[in-house]
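This is what each chain is made of:
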Amino acid sequence: MPSRFVSLTVTPGVDCKVILPPCSALTLSNAALAAQPKSAAFGRCVLECDLATHSFVVCSLLTTGVRQAAPEITITNDPDEPAWFFLKASGPHSFHVLGRLIEDKATRRSSAAAE
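Now for a description of the structure that goes with this document. (Residues numbered from 1 in each chain as written. Predicted model: local features only at pLDDT ≥ 70, side-chain atom pairs only at ≥ 80, totals over all residues. Heavy atoms only, no water.)

Things to note about the overall build of the chain
Along its length, the chain carries one helix and nine strands. The N-to-C order of helical and strand elements in the chain reads β-β-β-β-β-β-β-β-β-α. Classification of the 115 residues of the chain by burial places 37% in the buried group. Carbon together with sulfur atoms contributes 56% to the accessible area of the chain, which is approximately 6700 Å² in total. (Helix = DSSP H or I, 4+ residues; strand = E, 2+ residues; numbered from the N terminus. Buried < 20%, exposed > 50% of the residue type's maximum accessible area, 1.4 Å probe, protein only. Areas by Shrake-Rupley, 256 points an atom, 1.4 Å probe, with all protein chains shown as cover.)

Printed below as a string of structure tokens:
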């Protein structure tokens with residue numbers, strides 16, 4: 001199964017749409033606060049994942065503490081349909097998010113052939 005490295009920047013107040021191809025899985029493995037000027041505000045930064053049916057917090061970081069997290073969250077979708085979700089940030093800093101997208105193209109072909 002081929003995989004790709006994924007790098008996203010999630011800015012507070014701007015929804016980051018992530019599109020998943022059919023029969024794929026995205027593992028979010030690292031989320032780090034983006035560098036800001038020294039005059040940047042202090043506070044709590046929250047990275048949230050908004051799925052079609054529910055949402056959940058990926059990580060919550062204080063700007064004065066540890067500036068990165070390793071959530072290891074995997075999001076999958078239907079073998080026959082593409083899907084999407086949104087990553088949302090709140091707080092004074094953006095997030096840099098790293099992950100790996102894995103596509104199972106063989107399963108997609110075999111499910112299409114079965115129809």
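With respect to the sheet that holds strand β4 (residues 44–50)
Spatially, β2-β8-β4-β5 is the arrangement adopted by the four strands of the open sheet, whose pairing is antiparallel. The sheet terminates laterally at β2 (16–20) and β5 (55–62), the two strands that pair on one side only. Neighbour to neighbour, the strand axes of the sheet diverge by 20° on average, direction disregarded. Pairing of β4 with β5 involves seven bridges; the strand directions are antiparallel. Along β5, the bridge assignment pairs L47 with C59. (Pairing = 2+ DSSP bridges. Axes fitted to C-alpha atoms, helices over the stretch in contact; angles between N-to-C directions.)

Some thoughts on the pattern of salt bridges
Inspection of the entire model under this criterion finds two salt bridges. Across the salt bridge formed by D50 and K88, the nearest N and O atoms sit 2.9 Å from each other. In this pair, D50 sits in strand β4 while K88 sits in strand β8 (residues 83–90), placing the two residues 38 residues apart along the sequence. D50 sits in the partly exposed class, given a relative accessible area of 21%. The class of K88 is partly exposed, set by a relative accessible area of 26%. (Salt bridge = Lys/Arg side-chain N within 4 Å of Asp/Glu carboxyl O.)

Here we look at the nonpolar core
Among the nonpolar cores identified, the biggest contains 25 residues, and V10, L26, L47, F85, L87, F95 and V97 are the most heavily contacted of them. Every element with two or more residues in this core is listed here: β1 (3–10), β2, β3 (24–33), β4, β5, β7 (73–76), β8 and β9 (95–103). No other element matches the four residues that β3 contributes to this core. Apart from residues no more than four positions distant in its own chain, L26 is found in contact with V6, V18, L20, I73, T74, I75, F85, R100 and L101. (Core = buried A, V, L, I, M, F, W, Y, C linked by side-chain atoms within 4.5 Å. Contact = heavy atoms within 4.5 Å.)

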